[in-house]
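Analysis of the macromolecular model
Residues per chain are reported as follows:
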Amino acid sequence: MFHFSRGIPPQEAIPSRQLAEHTAAVLRDSEARVFQYAPIGNHTGDAALREQLAAFHSVAADQIFVTNGSLQALDLLAAHLLAGDRKDVYVEAPTYDRAVQIFERHGGRVSGITLQHDGLDLDALEARLATRVPALVYVIPDFQNPSGVTMSEDKRRRLVQLAETHDFLILEDIPYRELRYGGQAPAGFFELAPAGRVLTMGSLSKILSPGLRVGYVIGEPETLGALAALAEGTYLSPAPLLQAVAAQALDAGLAQENVAAIRELLGPRHDGAVKAVRELLGEDALLAVPHGGYYVSVHLPVATDEGTFLKAAAAESLKLTRGSGFYPGDAAPPEGKVFLRLPFQSFEPDEFAAGVERLAAVASKG
């Protein structure tokens, strides 16, 4: 069975032994503190962890708000940003399916803007803005989940200009930003936009450990204070033990060391995945060369509907994620094609190529 489904870190990308050592040190030195509720009013997260994350991103500590994973950050942000009269949220199409679910759960009207090989179709966005201005535009600008697309710096600058002109927020989600295997990194939105125009969501799940459950928001202190008030009424206290372990690991330089190791591990897997897709499915099927992250994706021509195709693939021991699920309700893959997200991070190049060869055989049968 080829599992082209979940995008979880391969075990060898998690520095488990070093994290266990840091955990032992925290338990030895801080056991009284980490098994108690966090101090009253400390809902923005462990102070040491905020300092370390601030240094990692070259911002001030009061611009960091720590959460139990990035989805909790997104849930709190959605509750805060959609509390007013504006309910529209524009997202990339395709986009991360769980984000759409969270926005809709908080009353958001989610609408998709076509994703091109270099990011959002900004002409389409500008036309949409002429009729309705959203509360926010949600983007995953680096090695996007699910497409692997990275937004060009020119498009980032133009999107900031549109946000200024039409008065909406940009919410950038950057879980994969550090996992670049080639090419030049564009500037992040938080670097490009005026204060208060952008909120950034990050996570340690892909660069250190998903088990630590550390997500965070980078923003202006006033907004983070509103999020902290929501957090207090939601989960009462951060997780002191896990945040203390994360703070110590960052202070020791483990995240930077692990990012370098991940790049060395996954770079060849990325290159092998792109090569296999080009050779076995064709250059036209490839949405973009990712140059980072976990995913390469395709629009694959098929003669049947998506459900029939996925059943045929499953019969050939191919576990695929339903691609249409990554499109919000008003968007869909191009007619006559299925969208497929193909995670490569857990496959050696020859294994990935074997799976894609089997996928090509299924597609050739319709």
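The present account deals with the structure reproduced in this document. Source: prediction; values computed, not measured. (Residues numbered from 1 in each chain as written. Predicted model: local features only at pLDDT ≥ 70, side-chain atom pairs only at ≥ 80, totals over all residues. Heavy atoms only, no water.)

On to the overall build of the chain, then. A tally of helices and strands in the chain yields twelve helices and twelve strands. In terms of overall size, the chain behaves like a compact globule, its C-alpha atoms giving a radius of gyration of 21 Å where 366 residues would be expected to give roughly 21 Å. Seen through its C-alpha atoms, the chain measures out along the principal axes to roughly 65 × 50 × 35 Å. Taken over 366 residues, the chain has a buried fraction of 55%. Considering only intrachain contacts with a sequence separation of at least 6, the fraction spanning at least 24 residues in the chain is 76%. Total accessible area computed for the chain in this model is approximately 15,500 Å², and 49% of it derives from carbon and sulfur atoms. Considering the chain, the positive charge centre built from 32 side chains and the negative charge centre built from 45 side chains are found 4 Å apart. (Helix = DSSP H or I, 4+ residues; strand = E, 2+ residues; numbered from the N terminus. Rg over C-alpha atoms; globule rule 2.2 N^0.38 Å. Buried < 20%, exposed > 50% of the residue type's maximum accessible area, 1.4 Å probe, protein only. Contact = heavy atoms within 4.5 Å. Areas by Shrake-Rupley, 256 points an atom, 1.4 Å probe, with all protein chains shown as cover. Lys, Arg positive; Asp, Glu negative; His and termini not counted. Charge placed at Lys NZ, Arg CZ, Asp CG, Glu CD.)

To continue, consider the nonpolar core. Core analysis: the biggest nonpolar cluster contains 64 residues, and Phe309, Leu320 and Phe352 have the highest contact counts within it. Not counting chain neighbours up to four residues away, the residues in contact with Phe309 comprise Leu300, Val302, Thr304, Leu320, Val338, Leu340, Leu359, Val362 and Ala363. (Core = buried A, V, L, I, M, F, W, Y, C linked by side-chain atoms within 4.5 Å.)

This part covers the environment of Ala354. Looking at the element boundaries, Ala354 is found in helix α12 (residues 349-364). Through-space distance from the C-alpha of Ala354 to that of Asn258 is 29 Å; in sequence the pair is 96 residues apart.

Turning our attention to the environment of Ala226. With respect to the element layout, Ala226 can be found in helix α8 (residues 221-235). Judged by relative accessible area, which is 23%, Ala226 ranks as partly exposed. Distance from Ala226 to His80, taken between C-alpha atoms, is 7.4 Å for residues 146 residues apart in sequence.

Spatially, β2-β9-β8-β7-β6-β3-β4-β5 is the arrangement adopted by the eight strands of the open sheet, whose pairing is mixed. Edge positions in the sheet fall to β2 (64-68) and β5 (119-120), since each has one partner strand and no second. Running over the sheet, α8 touches β2, β8 (198-203) and β9 (214-218) and is turned about 25° from β2. (Pairing = 2+ DSSP bridges. Axes fitted to C-alpha atoms, helices over the stretch in contact; angles between N-to-C directions.)

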